[in-house]
Amino acid sequence: MKRISKLSFIISIMSVTVSAQTDIRVARYWGDRAAAVSYTFDDGLAEHYTKVYPQLKRRGLKATFAVIGNRVGDEWKGTPCMTWEQLKEMAADGQEVTNHGWSHSAVNRLTGEALRHEVQRCDTAIYEHTGVMPRTFVYPGNRKTPEALALCSQGRTGTRTEQVSIGSKRDSTWLRRWVDGLVSSGSWGVGMTHGITCGYDSLGDPTRFWKHLDHVSRRRDSLWIAPLADVAAYVAERDNVKLKINRRKDKTVIKPRMSLDKAVYSQPLTLVMTSDKPLVAVQDGRQLYVRRRGKSLMIDFLPGGGNIEISPMESCEAGGAAPVFLTAGQSNTDGRAYVSDMPERLRKKYNHLHFANVTTRRTGHFGDRTFNDRKGRWAYCDVVNRLLDGTLGCDFYSIKASVGGTSIDTVAGGPKRPSWYAGEGWLAANKAYDGDVATGRSLTKSLTEGFAMCVDSTLVSLPQGYDVKAIMWHQGESDRHAAADYYKNFKDMICYIREFISLKTGRAEYLNIPFIFGTVPHASRQYSAGVEKAQRRVAAELPDVYCIDLSKAWLGRDNLHFAADWTERIGRMMFNELVRLGVVRDNEVDTGMY
C-alpha cells in the first residue's frame, strides 16, 4: 500500500464570512477543539470487529471502517473479514462503515460503467445490509484519477485522498508525536491501517495502539476524535457557511447561509461567542445545545437550518432561599486526587460556599473549604461547588459525609467498617459514626443527623430561608460482594434520607429531592455488573433519581480511584445534571466528552 505522510482532504473551500466582530465565530473544529483526528481501518477485516471495535467502545470513540463489498463474510488475501451482521451492529453504534470498492479494484484503472459498478454496487450493499448510505470513499491502494475522484465524491462529504500510515512501522513514540503535532498545528490528521495481528501491514502486538488510544482519549479537551465523514462534513461546512449577525437589545439573531447540499451536509457546527451570562439558543423552534468552556459559550447549530435566536436565560429571583446541597458516598466521594494535582483555577478561595463535613464531627456550623495542604485530597463535589460558586452568585451551603471502603450492606465493606445501611432495626441498634465503629457504625445517621444539626444551628436562622436542592452520591465498589441485595439496600437508603429531610423540615416535596449518582467505572478492579444493574433499576423506579453513566471513566494507577482529570470531569457532569434538572439556572459546562 502507498503511504503518504502529508495530510490533506478534498473539500470545497470558500472564504469564511462570519462577522467583523471577534466575539462570535465558527470553531475550527467541533467543540472548539484545537485539532481533529480520524482513524480509518481498511479492508473490513474480522479483527476490526473482534479487537478494534471493543477497544473503541471501551473509550467511547468512533472510527471509520472501509469494507470491500464482495469480501464481507468471506476473506481477503487469506485474512477473515467481518460479516454484514457485525457491520450492521457497528453502524448502529455510530461507527462509520464506508466504501472501499466492491472488489478492491484500483479505480485509477477503471472508467465509465466499470468504475460506476465498482463504487455504486458497494454503496448499495452497505446500505441494504446496514441501513446507512456511505458518506465517504476510501480508494483501494490509495490510487485515483480525476474521473474516479469526481465520481467517488458525488453525494459524499469527502473521500480519503491522503493519509498517514499508522501500521506496523509506527511505534508508540511516533504515534504520540503525530497526534501532539496535530494539536500544536491545529490540523486534522487521517490515520490509516489494515491488519491488527494478521493481514496486510498488521500491527503484530496491538498493545501499543491501544495505549495510543488511551493517549488520544486523554486529549479530548483539545482533540476531536471522529469518523472521516463527520470531520470532512464539518470542514466543508465551516469553510462554506456565511453568517449574518443582527444584534438587538434583548437578543442576537444569526442567519446562517450554506450553499452545500443539505441532504449530504448535516453535521452540526460549533458557534463560539463570549458571554459571562447564561444564554438560550433556538433554531427552527428547537433549543440548541449550549455549554460553557472557559470564558466562552459554545452552541451547536445546523448551517443549513434557519435563523438562530440567542437570548439571555431567565435568572432566578434575587433574594431567594439559600441553596443547600448534600453529598455522600465512599472513597471517590471522599476524594482521592491530590491537591498537588489540582488545577489552580479550582484551588482559589470560594466566594459564596459554606461547607460542613459531618462524617465524624457534627456541630451544625459551617466553615470554609480550603486546599492549602498539597498532600490533601479533593473530590468531584469540590468541582461542583466551584461551579456553583461562580453560577449562583449568592451564599450556598454544602453538607458532606463520606468514608472510603464503605458499603451499604452491613458486612460487605467489612464487619468493622461503618455502613450506609438503612434497615429500621439496624439503625435503631447503631449510632452515627464518629470515627470509631465501637461507638457507632451508621453513616446514614452521620449524614442525616449532621443535616439536622446544620438546620438547627445555622440554616433555620437564615433570614432568607433555605432550600435543599439535591443529593449527590457515588458509591458501590464495596458492595460488589453483596450485589444481590444492592437494589433493596440502595432504594431503602435513598428513601430513608429523603424521608428524614422531609420530616425534619416539614416539607413534603423533599420526599422527592433530586438524587444524582454516578455508576462505578467498568475499568475499576471492584466493578460489579450486579451493582450497576441494581443502580440503574433504582433510577428507573424511584422518582427523581438520576444516573450518570461513568462506565467509560478513567481511573488512576490503582484502577480504583478517579485521577485528577476525571475527578474534575465528573464534577462537571454532576453540575450539568443539576443544570438539566433546572436546579441551577445556567448553561452546561464542557466535560471534554463526546
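Residues numbered from 1 in each chain as written. Predicted model: local features only at pLDDT ≥ 70, side-chain atom pairs only at ≥ 80, totals over all residues. Heavy atoms only, no water.

### Regarding the confidence of the model for the protein
Confidence along the protein averages 93 in pLDDT terms, with 95% of residues attaining 70 or more. A low-confidence stretch, residues 1-22 (pLDDT under 50), is modelled with 64 contacts involving residues beyond four sequence positions or located in other chains. (pLDDT = per-residue confidence, 0-100. Contact = heavy atoms within 4.5 Å.)

### Description of the nonpolar core
Within the largest apolar cluster, 46 residues are counted, with the highest numbers of intra-cluster contacts made by Trp473, Phe490 and Met493. The dominant element in this core, judged by the number of residues it contributes, is helix 13 (residues 486-505), at seven residues. Among all residues touching phenylalanine 490, those that are not within four sequence positions of it are Ile408, Trp473, Phe515, Phe517, Gln535 and Val538. (Core = buried A, V, L, I, M, F, W, Y, C linked by side-chain atoms within 4.5 Å. Buried < 20%, exposed > 50% of the residue type's maximum accessible area, 1.4 Å probe, protein only. Helix = DSSP H or I, 4+ residues; strand = E, 2+ residues; numbered from the N terminus.)

### Overview of the environment of threonine 505
One can find threonine 505 in helix 13. Apart from the residues within four sequence positions on either side, threonine 505 is in contact with Phe451, Tyr466 and Tyr510. Separated by 3.4 Å, the side chain of threonine 505 and the backbone oxygen of serine 502 make a polar contact. (Polar contact = N/O pair within 3.5 Å; in protein donor to acceptor, adjacent residues only side chain to side chain.)

### Details of the pairing of strand 12 (residues 242-247)
In terms of strand pairing, strand 12 meets strand 13 (residues 252-257) through six bridges, oriented antiparallel. Residue asparagine 246 lies in a different strand from strand 13, and its bridge partner there is valine 253. Between strand 12 and the antiparallel strand that follows it, strand 13, lie four residues. (Pairing = 2+ DSSP bridges.)

### What to know about the environment of tryptophan 473
Relative to the helices and strands, tryptophan 473 is located in strand 25 (residues 466-474). Judged by its relative accessible area of 0%, tryptophan 473 falls in the buried class. Separated by 145 residues in sequence, tryptophan 473 and alanine 328 have C-alpha atoms that sit 5.0 Å apart.

### A closer look at the packing of aromatic side chains
Using the criterion set out here, one finds 22 aromatic pairs in the structure. When the ring of phenylalanine 325 is compared with that of phenylalanine 396, the centres are 6.4 Å apart and the planes differ by 80°; the resulting orientation is edge-to-face. Residue phenylalanine 325 is found in strand 20 (residues 322-329), and its partner phenylalanine 396 is found in strand 24 (residues 396-402); the two are separated by 71 residues along the sequence. For the pair shown, phenylalanine 325 and phenylalanine 396 are each scored as buried. The residue whose ring lies beneath lysine 144 is tyrosine 139, and the NZ or CZ to ring-centre distance is 5.4 Å. In this arrangement the basic side chain of arginine 537 is found over the ring face of tyrosine 487, its NZ or CZ atom lying 3.6 Å from the centre. (Phe/Tyr/Trp six-rings, centres within 6.5 Å; stacked < 30°, edge-to-face > 60°. Lys NZ or Arg CZ within 6 Å of the ring centre and 35° of its normal.)

### Focus on the sheet that holds strand 24
Pairing in this open sheet of six strands is parallel, and the strands run 22-24-20-25-26-27 from one edge to the other. What marks the edges here is a single partner per strand, and that holds for strand 22 (353-357) and strand 27 (545-548). Taking each pair of neighbouring strands and ignoring which way they run, the sheet shows an average axis angle of 20°. In the sheet, strand 26 (residues 515-518) pairs with strand 27 via four bridges, with the strands oriented parallel. Within the sheet, the bridge partner assigned to phenylalanine 515 lies in strand 27 and is valine 545. Of the strands in this sheet, strand 26 and strand 27 touch helix 14 (residues 529-541), which is tilted by about 140° from strand 27. (Axes fitted to C-alpha atoms, helices over the stretch in contact; angles between N-to-C directions.)

### Focus on helix 7 (residues 228-240)
Taking 1.5 Å of rise per residue, 13 residues should cover 18 Å, and helix 7 covers 18 Å from first to last C-alpha, within 8% of that figure. Burial analysis of helix 7 places 13 of its 13 residues in the buried class, the great majority of the element. (Expected span 1.5 Å × (residues − 1).)

### What about the side chain of arginine 156?
Its location among the elements puts arginine 156 in the loop between helix 4 (146-153) and strand 8 (158-160). The exposure class of arginine 156 is buried, given its relative accessible area of 5%. Residues contacting arginine 156, with those up to four places away along its chain left out, are Asn99, Val119, Asp123, Pro134, Arg135, Thr136, Phe137, Val264 and Tyr265.

### Regarding the packing of helix 13 against helix 14
At a minimum axis separation of 8 Å, helix 13 and helix 14 run at an interaxial angle of 45°. On the basis of the axis angle, helix 13 is oblique to helix 14. Taken as a pair, helix 13 and helix 14 cross one another with a handedness that is right-handed. For the pair helix 13 and helix 14, contact is made by Tyr486, Tyr487, Phe490, Lys491 and Ile494 and by Val531, Ala534, Gln535, Arg537, Val538 and Glu541, respectively. Classifying every residue of the contact of helix 13 with helix 14 by side-chain character gives seven nonpolar, one polar and three charged. (Parallel < 35°, antiparallel > 145°, perpendicular 65-115°, else oblique. Left-handed = near helix turned anticlockwise from the far one by under 90°. Nonpolar A, V, L, I, M, F, W, Y, C, P; charged D, E, K, R; others polar.)

### Structural notes on the sheet that holds strand 15 (residues 279-283)
The strand order across the open sheet formed by five strands is 12-13-19-15-16, and the pairing between neighbours is antiparallel. At either margin of the open sheet sits one strand with a lone partner, and together these are strand 12 and strand 16 (286-287). Bridge count for strand 15 against strand 19 (residues 308-312) is five bridges, and the pairing is antiparallel. Across the sheet, leucine 279 pairs through a bridge with proline 312, a residue of strand 19.

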